[in-house]
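Each chain is listed here by its residues.
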Amino acid sequence: YTTYIGDTNQYQVTAIATDTAGNTYVTGSRAVIPAANYLLKAVTDIFVSKLDPAGNLTLLATFSGKGTDQANGIAVDPSGNIYIVGSTTSTDFPLHNPLQRAASTAGSCPGAGTGFLMKLSPDGSPIYSTYMGGTTGFSSLYSVTADSKGNAYVTGTTAAQDYPHTAGMPAAGIGCGVVQIISGAFSAKIDPAGSQILYAGALSGPGHGCIGGSSCFLSSVYSSGSAIAVDPAGNAYIAGSAGESLPTTPGALLANGIGAFVAKVNSAGTGLVYVTYLGAGDFQPTIGTVATDSIYAITADVAGNAYIAGSTSDPAFPATAGAFQPKLSNPSTPPFVGPTDAFVAKLNPSGSAMVWATYLGGTAADSAQTIAVDSASNVWVSGTTQSTNFPTTAPVTPNGAEFVAELNSTGPARRFLIRGSSPPT
């Protein structure tokens, strides 16, 4: 099926999930007061929709306060409970059995917003709804997943010094000064009733990639978690972006770098199994070291391998021998950075090496934004491409900018890639 989502208001879908019965869940924002011009933000509500296997709408719920409310991530557990994360500027956001009752006061932090987590029963009624991320600075949650017991795992960013933290989890020194902001990649696990934070912490790479001078040392550094996954044993995997000086672990794939990172939290929530960068970045003489890698999606298997997808312009990205595409399609002469390729990679359980990793792209900008592993261990990714020579196995639709790809379980062999228009014709 193909269907529209929405009504006379402007809708934007930001996240999607499915269950084993073939139902589809989507969330995002609904503009109740559209932006009058590019200087003003729309006032938005959160919507959650459920479509049955035939594409019929079986649930539509909206949630909002009087500010701008934005959903960024959605997940569904085996019982059909629905989890939504995002950010809100509403001080009257609809809370229910909250762990954090107060929104961020922002303090000296420019910008606004507080992260939130909601859990809904299968019929859309709230089980809990809470602010999350701290009150003394901005925060936002970008990704959520859930385990078979109904525990929720979230990640995002926070600049609040009073962010939740438990023993054994990383405790980044973050906050807002008069000039400088240091934010951290926040993550947490919440019990099924929403009554307790089982663990929480924040990672930050406070090092600056710039070369020097007072403006460099006083510039802000932002770290954020962009995606989270959990394996059947309860280990959590966080992917995101950070500055330099992230506290990587001994034996990590890459101890020093900038930008994209992966971290693994043990099932007890008492510590990190590993923290590793993916790339060292690119040095540009007039600027300093700039990140060349971004991760947008992560999942994990029963053996504890992490599968990651994103984009890279780094010719030294750790692609493995025999990979489907072992080299960057269109590298630029250093110190310049060229267009990105998508990448797909499988990181071993200890975070010390790639089981396999491949570039995926053509000569223009390409990015992988979602990833999944099926029951046969084949890996599926989708994303966007601007390359007319993207390596498809089906005819290229000239005006298309989306792709879906399947790689076999060992990574090197492509099963199929499709690039097409939207919607399909």
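Just above, that's the structure.
Quick summary incoming for the structure in this document. (Residues numbered from 1 in each chain as written. Predicted model: local features only at pLDDT ≥ 70, side-chain atom pairs only at ≥ 80, totals over all residues. Heavy atoms only, no water.)

## Things to note about the sheet that holds strand 13 (residues 184-190)
Two strands in a sheet stick together by hydrogen bonds in their backbones, pointing the same way (parallel) or opposite ways (antiparallel).
Stage number 1. Reading across from one edge, 9-10-13-14 is the order of the four strands in this open sheet, with antiparallel pairing throughout. The strands lining the two open edges of the sheet, one partner per strand, are strand 9 (139-146) and strand 14 (197-203). Sheet twist, expressed as the average angle between the axes of neighbouring strands with direction ignored, equals 15°.
Stage number 2. Relative to strand 14, strand 13 runs antiparallel, the two being bridged by six bridges. Bridge pairing links Phe186 to Ala202 in strand 14. (Pairing = 2+ DSSP bridges. Helix = DSSP H or I, 4+ residues; strand = E, 2+ residues; numbered from the N terminus. Axes fitted to C-alpha atoms, helices over the stretch in contact; angles between N-to-C directions.)

## Brief notes about the side chain of Ser313
Stage number 1. With respect to the helices and strands, Ser313 occurs in the loop between strand 22 (306-312) and strand 23 (341-347).
Stage number 2. Those residues in contact with Ser313 that lie beyond four places of it in its chain are Thr292, Leu328, Val337, Gly338, Pro339 and Thr340. (Contact = heavy atoms within 4.5 Å.)

## Description of empty space enclosed by the protein
Stage number 1. With the rule as written, the count across this model stands at one cavity of 30 Å³ or more.
Stage number 2. Here the largest cavity is characterised by a volume of approximately 30 Å³.
Stage number 3. At the level of secondary structure, the elements contributing two or more residues to the lining of the largest cavity comprise strand 13 and strand 14.
Stage number 4. It is strand 14 that provides the largest number of residues to the lining of the largest cavity, a total of three residues.
Stage number 5. In terms of residue class, the lining of the largest cavity is built from seven nonpolar, two polar and no charged. (1 Å grid on protein atoms, 1.4 Å probe; cavity = no way out; pocket = protein on both sides within 12 Å on 5 of 7 lines; lining within 4 Å. Points joined across faces, edges and corners; volume = space filled by probe spheres on them. Nonpolar A, V, L, I, M, F, W, Y, C, P; charged D, E, K, R; others polar.)

## A look at the environment of Pro391
Stage number 1. Within the secondary structure layout, Pro391 lies in the loop between strand 26 (379-385) and strand 27 (402-407).
Stage number 2. For the pair formed by Pro391 and Gly361, sequence separation is 30 residues and the distance between their alpha carbons is 6.6 Å.

## Looking at the pairing of strand 16 (residues 236-242)
Residues in a regular strand project their side chains so that they alternate between the two faces of the sheet.
Stage number 1. Among the seven residues in strand 16, six count as buried, and that is most of the element.
Stage number 2. Across six bridges, strand 15 (residues 224-230) lies against strand 16 in antiparallel orientation. Residue pairing for strand 16: Val230 is matched across the bridge by Ala236.
Stage number 3. Pairing geometry for strand 16 and strand 17 (residues 259-265), over seven bridges, is antiparallel. In the sheet register, Ala239 faces strand 17, and the bridge partner there is Val262. (Buried < 20%, exposed > 50% of the residue type's maximum accessible area, 1.4 Å probe, protein only.)

## Remarks on the pairing of strand 10 (residues 152-158)
Stage number 1. Among the seven residues in strand 10, seven count as buried, and that is most of the element.
Stage number 2. Of the two faces of strand 10, both are covered, the one formed by Ala152, Val154, Gly156 and Thr158 as well as the one formed by Tyr153, Thr155 and Thr157.
Stage number 3. Both strand 9 and strand 10 contribute to a ladder of seven bridges, which runs antiparallel. Note on strand 10: the bridge partner recorded for Val144 is Val154.
Stage number 4. Hairpin geometry of strand 9 and strand 10 is characterised by an intervening segment of five residues between the two adjacent antiparallel strands and by a positive phi of about 95° at Gly150.
Stage number 5. Relative to strand 13, strand 10 runs antiparallel, the two being bridged by seven bridges. Looking across to strand 13, one finds that Thr155 is bridged to Ser187.

## Examining the pattern of salt bridges
Stage number 1. Taken as a whole, this structure holds one salt bridge when the rule is applied.
Stage number 2. Across the pair Arg30 and Asp45 runs a salt bridge, and its minimum N-O distance is 2.9 Å. Separated by 15 residues along the polypeptide, Arg30 in strand 2 (residues 24-33) and Asp45 in strand 3 (residues 43-51) bring together distant segments of the chain.
Stage number 3. On the accessibility criterion, Arg30 (15% relative accessible area) is buried. (Salt bridge = Lys/Arg side-chain N within 4 Å of Asp/Glu carboxyl O.)

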